[in-house]
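This is what each chain is made of:
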Amino acid sequence: MAVESFTSMTVSDVTPRRTSKRSHALFEALEKEIVLGTLAPEQALTEMDLAQRFGCSQGTVREALMRLNEEGLVHRLPNRGTTVAPCQADDARALLHVRREVECSYLDRVVARADAVLERDLHDRLNAMRNAARDGDEYRLSVFDRAFHRRLFEAAELPLVAPILSRCLIHNHRFKILKSQPNRELEATAERHVPILDALAGRDVETLRELLSHHIATIVDFGPDLSDTGESA
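Residues numbered from 1 in each chain as written. Predicted model: local features only at pLDDT ≥ 70, side-chain atom pairs only at ≥ 80, totals over all residues. Heavy atoms only, no water.

Enquirer: Could you give an account of the side chain of Thr82, naming the residues involved and the relevant values?
Expert: Its location among the elements puts Thr82 in strand E3 (residues 81-84). By relative accessible area, which is 6% here, Thr82 ends up buried. A distance of 3.0 Å separates a polar atom in the side chain of Thr82 from a polar atom in the side chain of Arg76. When sequence neighbours within four positions are dropped, the list of residues in contact with Thr82 reads Gln43, Ala44, Leu45, Leu65, Val74, His75 and Arg76. (Helix = DSSP H or I, 4+ residues; strand = E, 2+ residues; numbered from the N terminus. Buried < 20%, exposed > 50% of the residue type's maximum accessible area, 1.4 Å probe, protein only. Polar contact = N/O pair within 3.5 Å; in protein donor to acceptor, adjacent residues only side chain to side chain. Contact = heavy atoms within 4.5 Å.)

Enquirer: Any chance you could break down the pairing of E3 for me, citing the residues and the numbers?
Expert: Along E3, the buried face is formed by Thr82 and Val84; none of Gly81 and Thr83, which line the opposite face, is buried. Relative to E3, strand E1 (residues 44-45) runs antiparallel, the two being bridged by two bridges. Residue pairing in the sheet places Ala44 in a bridge with Thr83 of E3. Note: strand E2 (residues 74-77) against E3, four bridges, orientation antiparallel. By the bridge assignment for E3, Arg76 is matched with Thr82. The antiparallel hairpin formed by E2 and E3 contains three residues in its connecting segment, where Asn79 sits at a positive phi of about 65 degrees. (Pairing = 2+ DSSP bridges.)

Enquirer: Can you tell me about the nonpolar core, naming the residues and giving the values?
Expert: One broad trend across soluble globular proteins is that nonpolar side chains are buried collectively. Ranked by internal contacts, the top residues of the largest apolar core, which has 35 residues, are Val110, Leu122, Met129, Leu152, Leu200, Leu208 and Leu212. Those elements that place two or more of their residues in this core are helix H4 (89-105), helix H5 (107-113), helix H6 (116-134), helix H7 (138-154), helix H8 (162-179), helix H9 (186-191), helix H10 (194-201) and helix H11 (205-217). With residues up to four places along the chain from it excluded, the contact list for Met129 reads Leu141, Phe144, Asp145, Phe148, Ala190 and His193. Judged by nonpolar contacts, the second largest core, of 21 residues, contains Leu45, Ala51, Cys56 and Val61. (Core = buried A, V, L, I, M, F, W, Y, C linked by side-chain atoms within 4.5 Å.)

Enquirer: Outline the sheet that holds E1, supporting the account with residue identities and numerical values.
Expert: The three strands are arranged E1-E3-E2 in an open sheet whose pairing can be described as antiparallel. Lying at the two open borders of the sheet, with one neighbouring strand each, are E1 and E2. Strands in contact with helix H3 (residues 58-70) are E1, E2 and E3; relative to E2, the strand with the most contacts, it is inclined by about 110 degrees. (Axes fitted to C-alpha atoms, helices over the stretch in contact; angles between N-to-C directions.)

Enquirer: Mind laying out the packing of aromatic side chains, listing which residues take part and the relevant values?
Expert: This model, assessed by the stated rule, comprises zero aromatic pairs. Its guanidinium or amino end placed over the ring of Phe27, Arg67 lies 3.9 Å from that ring's centre, counting from NZ or CZ. (Phe/Tyr/Trp six-rings, centres within 6.5 Å; stacked < 30°, edge-to-face > 60°. Lys NZ or Arg CZ within 6 Å of the ring centre and 35° of its normal.)

Enquirer: Describe the confidence of the model for the protein chain, naming the residues involved and giving the relevant values.
Expert: For the protein chain, per-residue confidence averages 89 on the pLDDT scale, and residues scoring 70 or more make up 85% of the total. Note on residues 1-6: pLDDT is under 50 here. Beyond four places in sequence and across chains, it has 13 contacts. Confidence drops under a pLDDT of 50 for residues 221-233, and excluding neighbours within four residues, the segment shows 28 contacts in the predicted structure. (pLDDT = per-residue confidence, 0-100.)

Enquirer: An account of the side chain of Ser23 is needed here, citing residue identities and associated values.
Expert: By the element assignment, Ser23 lies in helix H1 (residues 21-36). Polar contacts involving the side chain of Ser23 include one to the side chain of Glu63, which spans 2.9 Å. Sequence-distant contacts of Ser23, that is, excluding residues within four places in its chain, are made with Thr60, Glu63 and Ala64.

If you want it as structure tokens, here you go:
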């Protein structure tokens, strides 16, 4: 199934905002640097340095760092400062298994509630992934990839579980980007979502579960094997 890429969706369209506009922008900028490794695992961060660097108040920095702490991307300890969270295989492996359990266990609910709006939203996110891949923008591809999976799970109507999936997604993608070999095939990463859309369109729960389970198990396609079966994409 080929879908032409005409969507104008932006990163801000799929990133929830819970703080002020300035702290949200700073949160996004720091998240990008942490996911891409510009800010290295366990690197120390100070509010004063970040405020000077981004031309904002320390209060704005504090808000952004508090949200990053909620996402597990930084560690903030009283009287000990803030450091970028580590990126370890054991954590990634555990989160991968949690993610697969969350996403694949409730697909009957997703399919029962699927409609044209859900399918349109998922296609929009796929097309945004394709645009990012063609631009060589791995971070933006990751943003829309995560948004695709969050939107799919949203149809299960389990709002208390959704934040758990979001945590798994950001750390799975961070590990993938930091540990995978360079020059990965970004367009292939986007196209891996097409069979998922096809199975959803056919309202085939079992096929959707099989495809999504394999998709998750092989997310680290050119890096360390985190799957149970040793499969690679």
